[in-house]
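These are the residues of each chain, in order.
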4 protein chains.
Amino acid sequence: MKNTFGNSLTVTLFGESHGPAVGAVLDGLAPGLPVDEEFIAAQLRLRRPSGGTGTARREADRFAILSGVFEGRTTGTPLAITIPNEDVRSGDYRRGLARPGHADCAAMAKYHGFADYRGGGHFSGRLTAALVAAGAIVLQALRERGILIGTHVLRCAGVADRPLSQGGDALREELGRLNGAPYAVLDEAAGERMRRAIEQAAAEGDSVGGILESAVAGLPAGLGEPWFDTVEGVLSHALFSIPAVKGVEFGAGFAMADRRGSECNDPMRVEEGRVVTLTNHNGGVNGGVTNGMPVVFRCVVKPTPSIFKPQETVDLARMENASLSLEGRHDPAILHRARVVVDSVAALALADLLALRYGTDWLREGGKA
Amino acid sequence: MKNTFGNSLTVTLFGESHGPAVGAVLDGLAPGLPVDEEFIAAQLRLRRPSGGTGTARREADRFAILSGVFEGRTTGTPLAITIPNEDVRSGDYRRGLARPGHADCAAMAKYHGFADYRGGGHFSGRLTAALVAAGAIVLQALRERGILIGTHVLRCAGVADRPLSQGGDALREELGRLNGAPYAVLDEAAGERMRRAIEQAAAEGDSVGGILESAVAGLPAGLGEPWFDTVEGVLSHALFSIPAVKGVEFGAGFAMADRRGSECNDPMRVEEGRVVTLTNHNGGVNGGVTNGMPVVFRCVVKPTPSIFKPQETVDLARMENASLSLEGRHDPAILHRARVVVDSVAALALADLLALRYGTDWLREGGKA
Amino acid sequence: MKNTFGNSLTVTLFGESHGPAVGAVLDGLAPGLPVDEEFIAAQLRLRRPSGGTGTARREADRFAILSGVFEGRTTGTPLAITIPNEDVRSGDYRRGLARPGHADCAAMAKYHGFADYRGGGHFSGRLTAALVAAGAIVLQALRERGILIGTHVLRCAGVADRPLSQGGDALREELGRLNGAPYAVLDEAAGERMRRAIEQAAAEGDSVGGILESAVAGLPAGLGEPWFDTVEGVLSHALFSIPAVKGVEFGAGFAMADRRGSECNDPMRVEEGRVVTLTNHNGGVNGGVTNGMPVVFRCVVKPTPSIFKPQETVDLARMENASLSLEGRHDPAILHRARVVVDSVAALALADLLALRYGTDWLREGGKA
Amino acid sequence: MKNTFGNSLTVTLFGESHGPAVGAVLDGLAPGLPVDEEFIAAQLRLRRPSGGTGTARREADRFAILSGVFEGRTTGTPLAITIPNEDVRSGDYRRGLARPGHADCAAMAKYHGFADYRGGGHFSGRLTAALVAAGAIVLQALRERGILIGTHVLRCAGVADRPLSQGGDALREELGRLNGAPYAVLDEAAGERMRRAIEQAAAEGDSVGGILESAVAGLPAGLGEPWFDTVEGVLSHALFSIPAVKGVEFGAGFAMADRRGSECNDPMRVEEGRVVTLTNHNGGVNGGVTNGMPVVFRCVVKPTPSIFKPQETVDLARMENASLSLEGRHDPAILHRARVVVDSVAALALADLLALRYGTDWLREGGKA
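Read on for an overview of the structure. For every chain, the first residue of the written sequence is number 1, and numbering continues from 1 onward in sequence order. Chain A is the first chain written and ligand 1 is the first ligand written, with later ones labelled in order. Reporting of local features is limited, given that this is a predicted model, to residues whose pLDDT is at least 70; pairs of side-chain atoms are given and counted only at 80 or more, and all residues count toward the totals for whole chains, interfaces and linings. To obtain the side-chain values, all non-hydrogen atoms of the structure were used and water was disregarded.

The next subject is unusual backbone geometry. All names here are of chain A. Even without a glycine there, the phi angle at H112 is positive, about 55°. Only DSSP runs of H or I covering at least 4 residues are called helices, and only runs of E covering at least 2 are called strands; the numbering of each starts at the N terminus. Here H112 lies in the loop between helix 2 (104-111) and helix 3 (128-144). One non-glycine residue, A244, lies in positive phi territory at about 90°. The residue A244 is located in the loop between helix 6 (231-239) and strand 11 (245-250) in this model.

Next comes the structure, spelled out in structure tokens:
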């Protein structure tokens, strides 16, 4: 299936960093969903670099919806959305010189030298703009059904934000607040320290990584499959698409390595006719299936590989050793931009599981007024 | 796709813990691969509990190959393998009483009470026997092509093994040694300390978790896709099927959160006409595509949820609070058994990517002698 | 996807004619569907050869359900069903001698000589027993929801049955009657003439073909997709799996080649608040999507390729010309057996479209009493 | 999978007749394939209406390739191609009035009134322009590997062309000739009679149907699967996407209903070390798998449903009976335009089977010169 994801609701991604456009096709959307172009634009703005910490590339992200929307609502047919690449300076890229930490060498093996090497081509984070645009439509529809998704920078350059609340109104309030925030942290002071640490690394020609923490509130219990299409499997499959994500964990995740069972099992009780757990070490998923508690996961984002320190590398055209001193426009950190990509990708993956279980009309409003 | 995984090479899993049998169907295997039933049996033995640290359930794992093998070799048609459930004591399980950390509550939401609740039913780790049997056939074929997969217990109950070597002959030697080891550690003394710590937890009616570290040597560069079907995405999708896995990371993984780009990029150089990296922080994958270095990943395995301490829970039949004191036969740790499942699942996922890229005949020997 | 069919509800088929067993795995079934083993057995009897016109191979078709059923109902987990091969005489088959009209030569190219050649191996019509068993479960569930599927021998050996009624109670009555009939024709006298024509061909060492006509009553409007997963596309994809089917048409089908638009468009009107068409030239499908009228299709079934007349052929082992005089046990006609396979395959394909649209629980009864 | 087709090589289709654009995304193409924009344009011209027999809508079909091509060759990444809709007169279409023989009523059930109703919206034959553009790239690559696909109008308005030759150089010559022909018939005199019969029907406000016959020369033996993904199943699945196709047959097809086995089996012999058949009643496919002979199939194309005679229909907005007298621009016959769509769709489906078997690089040239 390659560059398509999903079974009942699919997304297909295309484009190169310096080609005419990037884009996505969403198929399997319910008909009648409102499409709010302002919200799409706002999500794209959250993804864009800003201020002193971002790449100098400035894209207007003027998206065009080519199909699947009529009179402001989804038609139920494939929705294609494209975003032209406008602020492109291809001269910054040199053919053949592999950038450490990037996909240049893997791409050469895969595409035999035919890939568009400029700006990383199809591997570029630029394609996440299309993911964000597609995800915005689904995020909005999920919110209408009471399903909230939100992500914050839990850790960046050694600075920690406080973790998300475990559930209830506190969590929903946090998710709502994070959704529109230009820099997604719960503790603004921590955010400020992160920004300073990023600037420090940038000043040294280096870059930083970190951890994004996400929660999904309002998912029904019973989504996902015991084998293969587990909620964890489907989400992680999608999340690892995000460039620089190198690890995904659910609930207490890797911290459970040193715990005992009595510290990881979530005690249950009945509350208002519904089963709840008193803790959520399992991150809302048992046996691969949602249990009705918030789904909680964390992604580690490696430091941006584009750094300005000199690096040992290889000239793939001549197959000889070389040294690389990057120029051009590069982010010293992408976590604050990537978090809206995480929300989008999670929305797409979960909407697919919802559509599989409840049918392709599930996301639709009650009817046409 | 639910309980089927893969595109070019697919595996379909079926069965319940206390039903007649568990099994798998492998489709897309090249014709002519030797099927060594001794090796399948040996792999199943590695998965079986043993000695003082395991569940008392004793399955002979007498598998039967129903199709797809003729005169000792794969035919290229679907290979169905079943393993009967023999040592079953269903009286140990009570309908309706949800076990914390298990899927009982999620299963009720998903299957509306129609699932076979005995021993976890379809959610049971028992089904990994079928995965191991299916995986054995693929592991053997990969080994014939120079691709070695191996896993060890990197950490268990707070005790650490030493990490795998980074590559080269040292890594291949370690993987080969781990493959047949009854308790997969590199440092036998650490293994002995792990076993004592497990026994200690068991004596207290509790269980322990840990981390499995795996490496794959010999994969060609160029496998995987930039978006969605990344090597990390495909592998993690499959790995999260393994009960109790709650996190997956590649290369340096979560440790990269606090590092800088200059500490995460892998310097490259040409060696014998081939590009290699001097470090492998990226775990053999850049941009979702293999780069020719060993693929390295780690899974966190949560402590077995079946513990003997009393737990607060819910009676799902009556929807009222209840208390649970487990009896029956349960493992205080499953890492040493799960590692052969990790190898099997990784083999299935990677063989699918290989088949997609090189065609369905790729795994085949040169021809019929 | 190879030997698996479907997206939301999948069926995976395995087995060889002379191997231990044939079988199928059904995944995506709603939980709580009653499984009537008597009905499965009855459907298998309809598929079995009988009397003077069939092959002498006599299989008891003692099926075993290995998973996915608990206390008489589906659990919602994968349902594996196997049917052992018992009455096998492998001595009748000679390696390497290609039988004209069979897949022997195609199989050699595909499987490089590793396939089980006995009785056609995986290509054998014997595998349709597993399809029929799997289909029986779905046919029964569809009937509970008011969806009836039935097939008759419209034409065989030059003898014509009368066509199915266009719709309404007359069609439902016919479908109900055909479902259990040992020889599925509407006009018994035509059936008698068919049987005599078949016997005549058999006496001459030859075989006959014909046409099966099918209808599905009770399908909701709105199933299927405009492109690729059209109802016609999905059904024909599945139907061409049935050995010997070489053509599929919908509604008036090939007869429309010589008609005008005014003779092919179906006039519409509102009846009891519902849109109906006065004719059904389009076979219940417009633009790939059901329109609420009965879905009508026809399959041409080529004459059984196993004939007793001497034939020119090739010895694939020696790559030289050869002559073939078949012995063994072979059907001179398979239409009356194939029709229950058509019903089964159509049920599986349509239930998948229903599950995609309405969710995986759709086939389920209201709840557990 | 809905509006996506294929496993190893996929095509995703989007667009509405009167929306901004139609388009397709091709994924899984080998890198390095030359992309000849002239050939794409030429194929699009063959699909366009022309002269006295076509609709008056005149689209320039100015396609744009948004991704997946770099320096004139495929990159191996998803190739998105869009074609803007330019000559659109939406005033010709009235909401709610169902056109008999069209999908309006089925669309209402499926999309609940949210679909773009203008010109048939997503159901429009206009989308085949995108299929033709995508197919052109694959047709060209197949031709480079010696695989030729061609289609002619075997029958239209009661006039018959002579059938394609059975194989060998004669067939290849015919296919080559048909490929560029503006009106694809083997017998020009028959073509002239067809055009007159079409004009006659048009003068009477009516439309005509017919049969397209296609052949594929040069396919290797061994493509396709015995069950489900048979060559016939995969091809028919794709072919039924073409609007107005209501039947597909392979080899002798429905004519085999009245034949005996001895008249349908293809005698075999060895010729130059290769197995060939003396006849090709099975259309190059046995047991669902190619046998090395040309793959031959026929599609029946129903008469265009847009006719100018008054028709009984339904107003879907008011749910009441209505009468329809079409205006606007409509084709009295589409066979001569549809044949290039058949070639394109067949190319996409077969290239997918080839990629599955031989790997995603198979279509690629030897290397980058």
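Partly exposed residues are those whose accessible area sits between 20% and 50% of the maximum for their type, while under 20% is buried and over 50% is exposed, using a 1.4 Å probe and protein chains only. In terms of burial, strand 11 (residues 245-250) of chain D is a largely internal element, six of the six residues being buried. In this analysis, strands are considered paired if DSSP registers two or more bridges between them. Sheet topology places strand 11 (residues 245-250) of chain C next to strand 11 of chain D; three bridges connect them, and they run antiparallel. Considered in strand 11 of chain D, the bridge of E249(C) is made with G247(D).

Least-squares superposition aligns the copies on the C-alpha atoms of those residues with pLDDT at or above 70 in both. By a simple turn and slide, chain C fits onto chain D: the slide is 0.0 Å along the axis, the RMSD is 0.0 Å, and the turn is 180°. Such a turn and shift between the copies fits a two-fold axis. Should any heavy atoms of two residues lie within 4.5 Å, those residues are considered in contact. Both copies share a contact surface, since 100% of the interface residues of chain C are interface residues in chain D too.

Residues and elements named next belong to chain B. With respect to the element layout, N3 can be found in the segment before strand 1 (4-5). Residue class for N3 comes out buried when judged on its relative accessible area of 0%. Here H122 takes part through its side chain, which lies 3.2 Å from a polar atom of the side chain of N3. Here a polar contact is recorded for every N or O atom pair within 3.5 Å, except that within protein the pair must consist of a potential hydrogen donor and a potential acceptor, and residues adjacent in sequence are included only if both atoms are side-chain atoms.

This part takes up the sheet that holds strand 4 (residues 64-65) of chain B. Residues and elements named next belong to chain B. Spatially, 1-2-3-7-4 is the arrangement adopted by the five strands of the open sheet, whose pairing is antiparallel. The sheet terminates laterally at strand 1 and strand 4, the two strands that pair on one side only. Where strand 4 and strand 7 (residues 79-84) come together, two bridges link them in antiparallel fashion. Paired with I65 across the two strands is I81, which belongs to strand 7.

Turning our eyes to something else, we now look at the interface of chain A and chain B. On the side of chain B, 107 residues touch chain A, which itself brings 107 residues to the contact. Around 8400 Å² of area is buried between chain A and chain B when both sides are counted, 60% of it from carbon and sulfur atoms. The quantity reported as buried area is the accessible area (1.4 Å probe) lost by two parts once they are put together, taken as the sum for both. The three residues of chain A that bury the most area against chain B are W227(A), F228(A) and K246(A), which together make up 12% of that side's buried surface. Every case where a carboxyl oxygen of Asp or Glu lies within 4 Å of a side-chain nitrogen of Lys or Arg is listed as a salt bridge. Run the count over chain A and chain B and you get eight salt bridges. Of the charged contacts, one joins K246(B) and E232(A) as a salt bridge, the two residues approaching to 2.9 Å between their closest N and O atoms.

Between chain C and chain D, the residue contacts involve 107 residues of the former and 107 residues of the latter. The junction of chain C with chain D conceals about 8400 Å² of combined surface from both sides, 60% of it contributed by carbon and sulfur atoms. Together, W227(C), F228(C) and K246(C) form the three largest contributors to the area buried by chain C at its contact with chain D, with a combined 12%. Linking chain C with chain D are eight salt bridges. When the shortest N-O distance is used, the salt bridge between R260(D) and E204(C) registers 2.4 Å. For the side of chain C that touches chain D, the leading source of residues is strand 11 of chain C, giving six residues. Put simply, Ala, Val, Leu, Ile, Met, Phe, Trp, Tyr, Cys and Pro go in the nonpolar bin, Asp, Glu, Lys and Arg in the charged bin, and everything else, Gly too, in the polar bin. Considered class by class, the residues forming the side of chain C that touches chain D number 48 nonpolar, 36 polar and 23 charged.

What follows is about the packing of helix 6 (residues 231-239) of chain C against helix 6 (residues 231-239) of chain D. Axis lines are fitted to C-alpha atoms, over the contacting stretch for helices. Their N-to-C directions set the angle, which ranges from 0 to 180 degrees. Contact geometry of helix 6 of chain C with helix 6 of chain D gives a least axis separation of 8 Å together with a crossing angle of 175°. Taken as axis vectors, helix 6 of chain C and helix 6 of chain D run roughly antiparallel relative to one another. Between helix 6 of chain C, through G233(C), V234(C), S236(C) and H237(C), and helix 6 of chain D, the contact on the second element is made entirely by G233(D), V234(D), S236(D) and H237(D). Residues that form the contact of helix 6 of chain C with helix 6 of chain D fall into these classes: two nonpolar, six polar and no charged. Throughout, the term roughly parallel applies to angles under 35 degrees, roughly antiparallel to angles over 145, roughly perpendicular to angles from 65 to 115, and oblique to all others.

Turning next to the pattern of salt bridges. One pass over the structure, following the stated rule, counts 88 salt bridges over all chains. Salt-bridge contacts for E174(B) lead to R162(B); the nearest nitrogen and oxygen are separated by 3.9 Å. Here R162(B) lies in the loop between strand 9 (159-160) and helix 4 (168-180) and E174(B) lies in helix 4, a separation of 12 residues in the sequence. The class for E174(B) is buried, based on a relative accessible area of 4%. Residue R298(C) pairs with E249(C) through a salt bridge whose shortest N-O separation is 2.5 Å. Here the residue R298(C) occupies a position in strand 16 (residues 295-301), and E249(C) occupies one in strand 11, the gap between them amounting to 49 residues. One salt-bridge network, in which partners are shared between bridges, spans R48(A), D61(A) and R126(A).

The two copies are related by a screw motion: chain A maps onto chain B through a turn of 180° and a shift of 0.0 Å along the axis, at an RMSD of 0.0 Å. Of all interface residues in chain A, 100% are interface residues in chain B too; the two copies therefore contact each other through one and the same surface.

When strand 12 (residues 268-271) of chain A meets strand 13 (residues 274-277) of chain A, the two strands line up antiparallel, connected through four bridges. Residue E271(A) lies in a different strand from strand 13 of chain A, and its bridge partner there is R274(A).

Shape is all these values report; function is a separate question.
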